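# A closer look at the structure
Okay, here's what each chain looks like letter by letter:
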Amino acid sequence: MREVITGDGRTLAVEEWGVPSGVPVVSLHGSPMSRLARYPDEGLFHELGIRLITYDRPGFGRSSPRPGRRVVDAADDVAAVADALGLDRFPVFGVSGGGPHALAFAARHPDRATRVGTLASLAPRDARGLDWTAGMDEGNRRSAAAALTGREAVLEHLGHVGTAGLPPLPEVEQAVLARPEISGMLGPAFAEAVRPGLDGWVDDVVALFGTPWGFDPAAVEVPARLWHGGLDTLVPPSHGDWLAARMPTATLVRQPDAGHGGHFDATPALLTWLIG
């Protein structure tokens with residue numbers, strides 16, 4: 001692990017995977033996750049010659065909190081990580097809740113992002129013409145309702161969620177989580193995310209489920225590739241449809257038989273595309 005100090009004095013915890021001298025690719029984790037979340041077979045990074053870079057968003061793991069952060073604020077954090085690692089131009093992608101944060105970097109730093117990808121990304125909460133919670137599972141619907149009420153409501157909601165155990169998941173998601181290599185990676189990644197408490201998770205929910213992003217995804221000028229599973233009830237595929245229609249440079253890959261966890265199987269193709 002490496003610690004990067006931002007311009008305003010915060011700490012960002014950074015991890016690297018794969019080939020140290022390889023093509024740098026910055027990956028933004030889902031929510032609630034940490035820098036330990038990644039494609040579980042590191043052999044893929046070596047096969048593609050990739051230096052994968054991950055970091056804890058503020059409040060998760062070993063990164064300092066950033067109260068009141070918006071999605072757009074991730075753009076400067078990614079830039080700070082890149083500066084510390086000596087990176088100039090590179091591709092970036094995000095999984096689930098990390099998707100909007102990857103798009104933020106691409107929108108704000110088109111001179112540094114070569115390509116951007118998302119896997120099962122949320123659309124903005126204020127997306128015009130989108131019924132944001134339609135087709136969404138009950139847990140995320142409740143998070144969305146709490147986020148519109150305010151941070152304290154989210155903190156109370158997640159406090160109950162954290163002690164109640166995992167809600168029932170569709171069979172398509174259970175099948176993915178049953179894979180030993182995936183469950184073996186996700187367990188430590190989640191534990192590290194909430195090790196310091198719920199602040200990072202709360203701030204993610206407020207930023208993603210209740211607050212405008214602070215930028216228009218239509219402002220993304222670099223080539224973009226969006227993947228979404230047709231059976232996803234955590235982030236309904238209508239979110240991917242909305243983003244693709246809004247973003248002139250985007251190509252949408254819809255996999256009809258995949259759920260949210262299908263992003264793991266979609267990762268190799270996305271990484272291959274990202275490095276050109």
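Our subject is the structure that appears above.
One structure accompanies this document, and this report is about it. (Residues numbered from 1 in each chain as written. Predicted model: local features only at pLDDT ≥ 70, side-chain atom pairs only at ≥ 80, totals over all residues. Heavy atoms only, no water.)

## Concerning the pattern of salt bridges
- Here the structure, examined in full by the defined rule, presents 19 salt bridges.
- Here Glu192 and Arg35 are joined by a salt bridge, their closest N and O atoms 2.9 Å apart. Of this pair, Glu192 sits in helix H7 (residues 180-194) while Arg35 is found in the loop between strand E3 (23-28) and helix H1 (43-48), placing the two residues 157 residues apart along the sequence.
- Its relative accessible area of 10% is what places Glu192 among the buried residues.
- In this structure, the salt-bridge partner of Asp77 is Arg66, at a minimum N-O distance of 3.7 Å. On the criterion of sequence distance, the pair formed by Asp77 in helix H2 (residues 74-85) and Arg66 in the loop between strand E4 (50-55) and H2 is long-range, its members being eleven residues apart.
- Looking at Asp77, the relative accessible area reads 3%, which means it is buried. (Salt bridge = Lys/Arg side-chain N within 4 Å of Asp/Glu carboxyl O. Helix = DSSP H or I, 4+ residues; strand = E, 2+ residues; numbered from the N terminus. Buried < 20%, exposed > 50% of the residue type's maximum accessible area, 1.4 Å probe, protein only.)

## Here's the deal with the packing of aromatic side chains
- Under the definition given, this model contains four aromatic pairs.
- Ring geometry for Phe90 against Phe105: centres 5.3 Å apart, planes inclined by 20 degrees, an arrangement best described as stacked. Taken together, the residues Phe90 in strand E5 (residues 90-95) and Phe105 in helix H3 (residues 98-108) connect sequence positions 15 residues apart. Taken as a pair, Phe90 and Phe105 share a single burial class, namely buried.
- Measuring from centroid to centroid gives 6.1 Å for Phe190 and Trp201, while their planes differ by 85 degrees, and the two rings are edge-to-face. Of the two residues, Phe190 sits in helix H7 while Trp201 sits in helix H8 (residues 199-209), which places them eleven residues apart along the sequence.
- Note on Phe190: relative accessible area 35%, which makes it partly exposed.
- By relative accessible area, Trp201 is classed as buried at 12%.
- Against the face of Trp17 rests Arg38, its NZ or CZ located 4.0 Å from the ring centre. (Phe/Tyr/Trp six-rings, centres within 6.5 Å; stacked < 30°, edge-to-face > 60°. Lys NZ or Arg CZ within 6 Å of the ring centre and 35° of its normal.)

## Some thoughts on the layout of surface pockets
- Of the voids in this model, the second largest pocket is the one considered here, and its volume is about 170 Å³.
- Every residue along the wall of the second largest pocket is listed here: Pro124, Asp126, Ala127, Arg128, Pro212, Trp213, Gly214, Phe215, Asp216, Pro217, Trp242 and Arg246.
- In terms of residue class, the lining of the second largest pocket is built from seven nonpolar, one polar and four charged. (1 Å grid on protein atoms, 1.4 Å probe; cavity = no way out; pocket = protein on both sides within 12 Å on 5 of 7 lines; lining within 4 Å. Points joined across faces, edges and corners; volume = space filled by probe spheres on them. Nonpolar A, V, L, I, M, F, W, Y, C, P; charged D, E, K, R; others polar.)

## Quick notes on empty space enclosed by the protein
- For the coordinates displayed, the defined rule picks out one cavity of 30 Å³ or more.
- Roughly 40 Å³ of volume is contained in the largest cavity.
- Together, Arg57, Pro58, Arg66, Arg69, Arg70, Asp73, Ala74, Asp77 and His101 line the largest cavity.
- In the lining of the largest cavity, the residues fall into two nonpolar, one polar and six charged.

## Considering the packing of helix H4 (residues 138-149) against H8
- Their axes nearest at 9 Å, the elements H4 and H8 cross at an angle of 85 degrees. Here H4 lies roughly perpendicular to H8, going by the angle between them. Along the contact surface, H4 presents Asn140, Ser143, Ala144, Ala147 and Leu148, while H8 presents Val205, Val206 and Phe209. (Axes fitted to C-alpha atoms, helices over the stretch in contact; angles between N-to-C directions. Parallel < 35°, antiparallel > 145°, perpendicular 65-115°, else oblique. Contact = heavy atoms within 4.5 Å.)

## Brief notes about the packing of H2 against H3
- Between H2 and H3, the least distance of the axes is 8 Å, while the angle of their chain directions is 80 degrees. When the interaxial angle is binned, H2 and H3 end up roughly perpendicular. Mapping the contact onto sequence places Ala74, Ala75, Val78 and Ala79 in H2 and His101, Ala104, Phe105 and Arg108 in H3.
- Considering only residue class, the contact of H2 with H3 consists of six nonpolar, one polar and one charged.

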